[in-house]
Amino acid sequence: MASHNLLLLPGDGIGPEVMGEVKKVADFLGKAGVATFETETDLVGGAAYDAHGVAITDAAMKTAMEADAVLFGAVGGPKWAKVPYEARPEAGLLRLRKDMQLFANLRPAICFPALADASSLKREIIEGLDIMIVRELTGGVYFGEPKEIVTLENGEKRAVDTQVYTTHEIERITRVAFDLAKVRRNKVTSSEKHNVMRSGVLWKEVATRIGATEYPDVELDHHLADSLAMQLVRWPKQYDVIVCDNLFGDILSDIAAMLTGSLGMLPSASLGAPDAKTGKRKALYEPVHGSAPDIAGQGLANPIAMISSFGMALRYSFGLGQAADLVDQAIADVLASGARTRDIAEKGANAVSTTDMGDAIVAALKRRA
Ligand code: IPM
Ligand code: MN
């Protein structure tokens, strides 16, 4: 039986609670003879700052670089509002993305039939929704230099963030989007704001060329990012794969998440380029939701986004597509049975706890395995 090394970085807030439920799923797959997972756990975010004064230590970074995959919970919270900018909790996540060169962030938004009424949108708009947002993750305004606040001669301050993309960065992320579209519904929508941004002009040009020369059979559209945001809440089922830069991807994927009923439902995979020798990609899997400090430690968090992020690890890092399907089906079974954590429960209805939800998913796995 294949064995895989996982680095678990639970982080802050609800991170440790939802990570606890993933461990149950991994243990189950080990017992069921699917694969064994050797896990190591380390600190990231505020938890790492409290222990070591940094958002992630060099030692944890080294383990991350060597792991077969990293599972990440969530970081941040009001407790660390005043820590130095370089050591803020989010810096741990950004360093992981940058140093591991995880340029491709896959954020699928799928509406489970049982949850069609949990969305703030009408059932017919989101029922059956299955879209994939491909977000560029190591470039753009998140990392562009200069990035600074300087004091001008008149004493006023001036803040600068830099939006920057090179041809190569746009080529490799659009290829990821086209490759995914080929095994989905064969349609890519590229999104930028070429009407106001130079980086948008280049983005559109490169996406058009890659589409025409390398993927002539995949349909390609271009939607301005603001209009796409509007279309996402108007008629999201018109999309298959959406590809966009780091900042637009951050915003559009939060919108997409809410279409599915709750931020607590959305997983993500962050992938690097395949290694020239082994073909393996560095990878980190994390829920799209944050650390939700307001509900942390109370057993209220929804572990589904974290568990289905592990499902993405099975699919994209370990070649265990069948096991990944099994996890997705188990989640669908549990939702169909009516179990709801508070975020997806109807007003006034009883909600199950984080651990109850995890246990129910493992029980559903057992029934299906
Ligand atoms: C996300 C988060 C991060 C981001 C934060 C925590 C830095 O919002 O993964 O979407 O902005 O990328
Ligand atoms: Mn975000």
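Higher on the page you've got the structure.
This one's a predicted model, so the numbers in the text were calculated from it and none came from an experiment.

### Regarding the overall build of the protein chain
- Looking only at helices and strands, one finds twelve helices and twelve strands in the protein chain.
- By the compact-globule yardstick of 21 Å for 369 residues, the protein chain fits well, its C-alpha radius of gyration being 20 Å.
- C-alpha extents for the protein chain along the principal axes are approximately 60 × 50 × 50 Å.
- A total of 369 residues make up the protein chain; the buried ones form 52% of that total.
- Across the protein chain, every contact between residues at least 6 apart in sequence was considered, and the portion connecting residues at least 24 apart equals 75%.
- A total accessible area of about 16,300 Å² is found for the protein chain, and carbon and sulfur atoms account for 52% of it.
- Between the averaged position of the 40 positive side-chain charges in the protein chain and that of its 48 negative side-chain charges there is a distance of 2 Å.

### Observations regarding helix H9 (residues 246-259)
- For H9, which comprises 14 residues, the first-to-last C-alpha distance of 20 Å matches the rise-based estimate of 20 Å (1.5 Å per residue) to within 8%.
- Those residues of H9 not exposed but buried are Asn-246, Phe-248, Gly-249, Leu-252, Ser-253, Ala-256, Ala-257 and Leu-259. Taken down its axis, H9 places every buried residue within 160° of arc, on the same side.
- Each element contacted by the buried residues of H9 is listed here: strand S4 (104-110), helix H5 (123-126), strand S5 (130-136), strand S8 (187-192), helix H8 (225-234) and strand S10 (241-244).
- Where H9 begins, the capping side chain belongs to Asp-245, and its oxygen is found 3.1 Å from the backbone nitrogen of Leu-247.
- Gly-261 sits one or two residues past H9 and shows a positive phi near 120°.

### Some points on the site of ligand 1
- In the vicinity of ligand 1, the contacting residues are Glu-90, Arg-97, Arg-107, Arg-135, Tyr-142 and Asp-250.
- Within the contact set of ligand 1, an oxygen atom lies 2.7 Å away from a side-chain nitrogen or oxygen of Arg-97.
- Protein chains bury 77% of the 320 Å² of accessible surface belonging to ligand 1 in isolation.
- For the shell around ligand 1, the class distribution of residues is one nonpolar, no polar and five charged.

### Structural notes on the pairing of strand S11 (residues 269-274)
- Two strands pair when backbone bridges link them, and S4 and S11 are joined in this way by three bridges, in the antiparallel orientation. Paired with Leu-106 across the strands is Ala-269, a residue of S11.
- The pairing of S11 with strand S12 (residues 281-285) spans four bridges and is classified as antiparallel. Bridged to Ser-270 within S12 is Leu-284.
- Between the antiparallel neighbours S11 and S12 lie six residues, among them Gly-279 with a positive phi of about 80°.

### Let's talk about the packing of aromatic side chains
- On inspection of all chains with the given rule, the structure shows four aromatic pairs.
- Both rings, one in Phe-37 and one in Phe-318, keep their centres 5.7 Å apart while their planes meet at 50°; by these two values the pair is tilted. Of this pair, Phe-37 sits in strand S2 (residues 36-41) while Phe-318 sits in the loop between helix H10 (304-316) and helix H11 (321-336), placing them 281 residues apart in sequence.
- The class for Phe-318 is buried, based on a relative accessible area of 11%.

### What about the packing of H11 against helix H12 (residues 354-368)?
- The interhelical angle for the contact between H11 and H12, taken along N-to-C directions, is 120°, at an axis separation of 8 Å. Considering how the two elements wind past one another, H11 and H12 form a crossing that is right-handed. Each of Leu-326, Val-327, Gln-329, Ala-330, Ile-331, Asp-333 and Val-334 in H11 lies in contact with H12, whose residues at this interface are Met-357, Ala-360, Ile-361, Ala-364, Leu-365 and Arg-368.
- Of the residues assigned to the contact of H11 with H12, the class counts are ten nonpolar, one polar and two charged.

### Brief notes about unusual backbone geometry
- With an omega of 0°, the peptide bond running from Glu-145 to Pro-146 counts as cis.
- Tracing the sequence through the fold places Pro-146 in strand S6 (residues 144-151).
- A positive phi angle is found at Gln-101, which is not glycine, with a value near 55°.
- Inspection of the secondary structure assignment puts Gln-101 in the loop between helix H4 (89-99) and S4.
- The backbone of Asn-186 shows a phi angle near 65°, a positive value even though the residue is not glycine.
- By the element assignment, Asn-186 lies in the loop between helix H6 (167-182) and S8.
- By relative accessible area, Asn-186 is classed as partly exposed at 28%.

### Some thoughts on the pairing of S8
- Of all six residues in S8, six are buried; the element is thus mostly enclosed.
- Here S8 shows a buried face lined by Lys-187, Thr-189 and Ser-191 and a second buried face lined by Val-188, Ser-190 and Glu-192.
- Relative to strand S9 (residues 219-224), S8 is paired through six bridges, and the arrangement is parallel. The partner of Glu-192 across the bridge, within S9, is Leu-224.
- As a crossover connection, the stretch from S8 through helix H7 (residues 198-214) into S9 is right-handed.
- Pairing geometry for S8 and S10, over four bridges, is parallel. Considered in S10, the bridge of Ser-191 is made with Cys-244.

What counts and what doesn't
- Residues numbered from 1 in each chain as written.
- Chains lettered and ligands numbered in written order.
- Predicted model: local features only at pLDDT ≥ 70, side-chain atom pairs only at ≥ 80, totals over all residues.
- Heavy atoms only, no water.
- Helix = DSSP H or I, 4+ residues; strand = E, 2+ residues; numbered from the N terminus.
- Rg over C-alpha atoms; globule rule 2.2 N^0.38 Å.
- Buried < 20%, exposed > 50% of the residue type's maximum accessible area, 1.4 Å probe, protein only.
- Contact = heavy atoms within 4.5 Å.
- Areas by Shrake-Rupley, 256 points an atom, 1.4 Å probe, with all protein chains shown as cover.
- Lys, Arg positive; Asp, Glu negative; His and termini not counted.
- Charge placed at Lys NZ, Arg CZ, Asp CG, Glu CD.
- Expected span 1.5 Å × (residues − 1).
- Arc of directions from axis to C-beta.
- Polar contact = N/O pair within 3.5 Å; in protein donor to acceptor, adjacent residues only side chain to side chain.
- Near = heavy atom within 4 Å.
- Nonpolar A, V, L, I, M, F, W, Y, C, P; charged D, E, K, R; others polar.
- Pairing = 2+ DSSP bridges.
- Phe/Tyr/Trp six-rings, centres within 6.5 Å; stacked < 30°, edge-to-face > 60°.
- Axes fitted to C-alpha atoms, helices over the stretch in contact; angles between N-to-C directions.
- Left-handed = near helix turned anticlockwise from the far one by under 90°.
- Right-handed = clockwise from strand over helix to strand, strands pointing away.

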